Amino acid sequence: MTYEPVIGVEVHAQLLTRSKMFCGCSTDFGQPPNTQTCPTCLGLPGSLPVANEAAVHMAIRAGLALNCTIRSSNWFARKNYFYPDLPKGYQISQYEEPICEHGWIPLEVHGTTKRVRIRRAHLEEDAGKNIHASAGSGSLVDLNRAGTPLLEIVTEPDLHSADEVDAYLKALRDILRYLNVCDGNMEEGSLRCEPNLSLRPKGETTFGTKVELKNINSFKFVKDAIDYEITRQTQVLNEGGTVHQETRLWDTAKGKTAVMRSKEEAHDYRYFPDPDLMPLHISEGWIEQVREGLEELPQAKLQRFINDYDLPDHDARVLTSSRTLADYYETCVQLGAQPKATSNWVMGELLRELNHAGIGAEDAPVTPERLVELLTLVEDGTISLKAARELFPEFYASGKTAHALIQETGLRQVSDEGPLTEFIQTVIANNPSQVAQYREGKEAVLGYFVGQVMKASGGKANPKKVNDLLKTALLGNE
Amino acid sequence: MGINQDHVRHVGQLARLHLSEEEIEAFSPQLNEILRYVDELNTIETDGVEPIASVVDQANVLREDALKPCLPHEQAVANGPEVIDGSFRVPNILENR
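Remember, it's a predicted structure, so these values are computed and weren't measured experimentally. (Residues numbered from 1 in each chain as written. Chains lettered and ligands numbered in written order. Predicted model: local features only at pLDDT ≥ 70, side-chain atom pairs only at ≥ 80, totals over all residues. Heavy atoms only, no water.)

## With respect to the sheet that holds strand β5 (residues 77–80) of chain A
Residues and elements named next belong to chain A. Taking strand neighbours across the sheet as the criterion, the 3 strands line up as β6-β5-β16 in an open arrangement whose pairing is antiparallel. Every other strand in the sheet has two partners, leaving β6 (90–93) and β16 (272–273) as the edge strands with one partner each. Pairing of β5 with β6 involves 4 bridges; the strand directions are antiparallel. Each residue of the ladder has a partner; that of K79, found in β6, is Q91. (Pairing = 2+ DSSP bridges. Helix = DSSP H or I, 4+ residues; strand = E, 2+ residues; numbered from the N terminus.)

## Considerations on the interface of chain B and chain A
Facing 41 residues of chain B, the contacting portion of chain A comprises 57 residues. Regarding the contact of chain B and chain A, the summed buried area is about 4300 Å², with carbon and sulfur atoms giving 60% of it. Linking chain B with chain A are 0 salt bridges, by the criterion used here. In this structure, the connection of chain B to chain A is made through 17 residue pairs in polar contact (both at pLDDT 80 or more). The leading source of residues in the side of chain B that touches chain A is strand β3 (residues 87–90) of chain B, at 4 residues. Among the residues making up the side of chain B that touches chain A, the classes are represented as 21 nonpolar, 11 polar and 9 charged. Sheet topology places strand β10 (residues 139–142) of chain A next to β3(B); 3 bridges connect them, and they run antiparallel. Across the sheet, the residue bridging to V141(A) is F88(B), located in β3(B). (Contact = heavy atoms within 4.5 Å. Buried area = accessible area lost by both parts, 1.4 Å probe. Salt bridge = Lys/Arg side-chain N within 4 Å of Asp/Glu carboxyl O. Polar contact = N/O pair within 3.5 Å; in protein donor to acceptor, adjacent residues only side chain to side chain. Nonpolar A, V, L, I, M, F, W, Y, C, P; charged D, E, K, R; others polar.)

## A few points about the pattern of salt bridges
All names here are of chain A. Applying the stated criterion across every chain, the model contains 34 salt bridges over all chains. Here R71 ties to E97 by a salt bridge, and the two come within 2.6 Å at their closest N and O atoms. One end of the pair, R71, is in the loop between β3 (69–70) and β4 (73–74); the other, E97, is in the loop between β6 and β7 (100–109), and 26 residues separate them in sequence. When its relative accessible area of 11% is taken as the criterion, E97 is described as buried. R304 serves as the salt-bridge partner of E330, at 2.9 Å between the closest nitrogen and oxygen. Of this pair, E330 sits in helix α8 (residues 323–334) while R304 sits in helix α6 (residues 298–309), and the two are 26 residues apart along the sequence. Salt bridges sharing common partners tie together E229, R232, E246 and R248. (Buried < 20%, exposed > 50% of the residue type's maximum accessible area, 1.4 Å probe, protein only.)

## Focus on the pairing of strand β13 (residues 211–214) of chain A
Residues and elements named next belong to chain A. Burial of β13 is one-sided: the residues V211 and L213 facing one way are buried, the residues E212 and K214 facing the other way are not. When strand β12 (residues 191–201) meets β13, the two strands line up antiparallel, connected through 2 bridges. Considered in β13, the bridge of L197 is made with V211. Taking the sense of rotation as the criterion, the β-α-β connection linking β13, helix α4 (residues 219–238) and strand β14 (residues 246–251) turns out left-handed. (Right-handed = clockwise from strand over helix to strand, strands pointing away.)

## Quick look at the environment of R317(A)
Residues and elements named next belong to chain A. Locating R317 in the fold gives a position in helix α7 (residues 313–319). Judged by its relative accessible area of 33%, R317 falls in the partly exposed class. The spatial distance from the C-alpha of R317 to the C-alpha of I306 is 9.1 Å, given a sequence separation of 11 residues. The contacts of R317, once residues within four sequence positions are left out, are E108 and L302.

## Thoughts on unusual backbone geometry
Residues and elements named next belong to chain A. Here H102, not a glycine, exhibits a phi torsion of approximately 55°, which is positive. Judged by relative accessible area, which is 56%, H102 ranks as exposed. Not every positive phi belongs to a glycine, and D310 is a case in point at roughly 60°. With respect to the element layout, D310 can be found in the loop between α6 and α7. Judged by relative accessible area, D310 falls into the exposed class, the value being 65%.

Structural data, given as structure tokens:
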């Protein structure tokens, strides 16, 4: 039997606020355990939460970018359960009244575009962190993360393969990064993904029993976990078994999912509006104000790069993969550099060095101004493309101007007829048989001569000039 | 909906209360009494009334995204049953670890 996977995804995105959702503790990652806590996020008696305005603002921004409706009236609810990383015994979340709902984002997979519907996106606070010590010694709890603002973004079950989920997550991450509401770092846990997955016979419209997947901390593992789960469920169904509704944890080391066994009672969260917090009323004026401040989103930028700069799809995709890289590129073009040549340099030489150093375009030691200077010198023939490419690592690392470096390395391209003619005469004199071949009409030999002249000049000859001069010389010597 | 003894056990478990059989027997009718009392609210006509989350006539009580001092570490963990490497130590959470 052929089955169709039906997948929905829950993403928890940590919002880039300085302080926590309901108190003034820092959200800094990697501090010593339990040093970023206060009575509110520790859940001590008598403390009161107050919502962070920046987090609300970011939720609206993200909601608009995800084509959601922003609820004019929404409120916080308590989700009640016991777990050691949840000091209050409840998580402050939103239940029936999420701040954002009914959105969608366009998704391109294998050349076709579809819409992934966003069911809702709501504000909530993160729990603390459990470190599961070795057997017998218990669990360790660090509450630094408790109370960090999260936007939980939930799709409809619109995805049907690991590739689609991967594409969705990357598109979502790009949007959140562009908006500067989340850094999108899956390894550090600032973007967490929990897919739920069921299978149904192809053509069927009812859903099968779904399994929720957790503990996935990279894009690769998302794909691996989903592929594993599709295979596992297919096998269960083919053998006449039933899939159980359960939460399964991805085990990276084993490359498998396994049932999460928790000592906790089956979920019965008893949501109710949190009486400690006042409702949020989001006016049209507030929404419009946020909308006006929205940046151009990745998809729109991609299309604009293709249209305005006449770039191939691939170039536009690479360049718009991060906002800072796109900004870098556009600055170069605005400084007068040729769009396609600039794209080649940014995607090739620059990105290679940036990736090597593990930094983003915003930290590139070569400014757009300096790169454009180098490109201009290539354009006007002062330095050959090949030499410029070879020079780039030093140019990138040294901080010297292109002019100075070309001077210093003696890589200035030779375009003057005098010295070039000398090289050409020598090469012609040394290769009488190839000269004869050329004169008999074998024009392909020209390439051989160009190569020889380039070699004789130590790579500094201007190939275009050499080409022109050679043609004249080869015929003129007849 | 009447509250039977299974409901009492379930709610007790959710609230982490250890209830004796006598207590379960006693609480079941008591909870039913309380619910019957609250049930009177169901006789009120609420068609067309917007649900509210708060009886306080305020909204958008927000704070600026600014840092405030945290508790010193020793105070933060002072109420913990046991502290190891700066963390609270609690019994194992996951069974199969």
